[in-house]
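Overview (structure and organization)
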Amino acid sequence: MNWDDTTDSAAPERLVGSAADREDQAVEAALRPKDLEEFIGQEKVREQLDLVLRAARARGATADHVLLSGAPGLGKTTLSMIIAAEMGAPIRITSGPAIQHAGDLAAILSSLQEGEVLFLDEIHRMSRPAEEMLYMAMEDFRVDVIVGKGPGATAIPLELPPFTLVGATTRAGLLPPPLRDRFGFTAHMEFYEPRELERVVHRSAGLLDVEIVPDGAAEIAGRSRGTPRIANRLLRRVRDYAQVKADGVITREIAAAALAVYEVDARGLDRLDRAVLEALLKLFGGGPVGLSTLAVAVGEERETVEEVAEPFLVREGLLARTPRGRVGTPAAWAHLGLAPPRSAGGGTGQQDLFGA
């Protein structure tokens, strides 16, 4: 229920992927909370943002520019819509990749109404000329429109009505400091705890008219990788299974059986994640092994392994990136039910990192 519309064209479609497909976007539009009180999780961010918005309303001013960072699916788009709703303002939605020229941004900015919220998703992917124009627009509510070319070009200043920019990024480190410093409020979205995801699943089940018991919600939440978007996607697939294979009620047993069909295990790993771990442990004795070699072993592109599978495996403590290559951790051996090698023979390299 708290998620973004961010998509990642480099990532293949996965049930536990954090990118939103068209089905996700359609369902999310119906499930999104409408205000901060209804928004689940992100307690610190909600508290801080509530103060920012209340103060702005009390002053009768537009809210400060807001930067939201964090992984896809955690609620950045939802919060932008809540900001607009809380301020009683319309919202304009666009994305960094859609703004390739300064003229694209100038056209959007010049059409904004006073107090309007401009949501700029994946702001770090905006073109440099547009980014430089945004500096002045955010700070002075003014842009210079260049008319003509060469020595005869003229800069015509264009005054803008006060507006609130909400920028969203999955890679805050790629934002240049001059842009980052112009945001009055910056928030980092954290991954959700299982208890929070259980509340997300219960709320979504109610809106989708799905009957679910507490242990069924807990089973789905535990496999959702800390991401509300994934929790809702798993809920929909479990709902389908319950309607076809059972009486429509989602229990722990039904949820576990459904997600076994979709190859999502108890920790949220899917086929690709397990393929990477199995290759690392079974074929290479736990590593270290180079990324390209590991990608060939699982039949995937290097970028797919590095950008799609590895982040979650590293966050779960199942895989480590070292200067010598990728290494499986003791937790990885335990998760797959395998016994780690007892010696450093065969070039496993694990003795150096974790002990014999």
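Relevant structure appears above.
Residues numbered from 1 in each chain as written. Predicted model: local features only at pLDDT ≥ 70, side-chain atom pairs only at ≥ 80, totals over all residues. Heavy atoms only, no water.

What follows is about the sheet that holds strand β1 (residues 66–69). The strand order across the open sheet built from five strands is β2-β3-β6-β1-β7, with neighbouring strands paired in parallel fashion. At either end of the open sheet lies a strand with only one pairing partner, and these are β2 (91–95) and β7 (185–188). Each strand of the sheet is rotated relative to its neighbour by a mean of 15 degrees, with strand direction disregarded. (Pairing = 2+ DSSP bridges. Helix = DSSP H or I, 4+ residues; strand = E, 2+ residues; numbered from the N terminus. Axes fitted to C-alpha atoms, helices over the stretch in contact; angles between N-to-C directions.)

This brings us to the nonpolar core. The biggest cluster of nonpolar side chains holds 48 residues, and the ones touching the most others in it are L49, L79, I212, I220, L234, V238 and I250. No other element matches the seven residues that helix α9 (residues 228–245) contributes to this core. When residues no more than four places from it in sequence are discounted, the contact partners of V238 are I220, I250, I254, A255, A258 and L259. Among the nonpolar cores identified, the runner-up in size contains 24 residues, and I99, I123, M138 and L179 belong to it. (Core = buried A, V, L, I, M, F, W, Y, C linked by side-chain atoms within 4.5 Å. Buried < 20%, exposed > 50% of the residue type's maximum accessible area, 1.4 Å probe, protein only. Contact = heavy atoms within 4.5 Å.)

What follows covers the pattern of salt bridges. Taken as a whole, this structure holds 18 salt bridges when the rule is applied. E198 is paired through a salt bridge with R195; the nearest N and O atoms lie 3.6 Å apart. Of this pair, E198 and R195 both sit in helix α7 (residues 194–207), three residues apart, which is roughly one turn of that helix. A salt bridge links E316 to R267; the nearest nitrogen and oxygen atoms lie 3.2 Å apart. Residue E316 is found in the loop between α13 (302–315) and β8 (319–322), and its partner R267 is found in the loop between α10 (252–261) and α11 (271–283); the two are separated by 49 residues along the sequence. (Salt bridge = Lys/Arg side-chain N within 4 Å of Asp/Glu carboxyl O.)

The next point concerns unusual backbone geometry. Phi is positive for Q42, which is not a glycine, with a value near 50 degrees. As for its position among the elements, Q42 is in the loop between α1 (22–31) and α2 (43–59). By relative accessible area, which is 7% here, Q42 ends up buried. Although it is not a glycine, R225 adopts a positive phi angle of roughly 60 degrees. Looking at where R225 falls in the secondary structure, it is placed in the loop between α8 (214–222) and α9.

With that out of the way, let us pick up helix α12 (residues 291–298). Along α12, the positions that sit buried rather than exposed are L291, L294, A295 and V298. Viewed end-on, α12 has its buried residues packed into an arc of 100 degrees, placing them on one side of the element. For α12, the elements touching its buried residues are α11, α13 and β9 (325–328). Count one or two residues on from α12 and you reach G299, which has phi positive near 70 degrees. (Arc of directions from axis to C-beta.)

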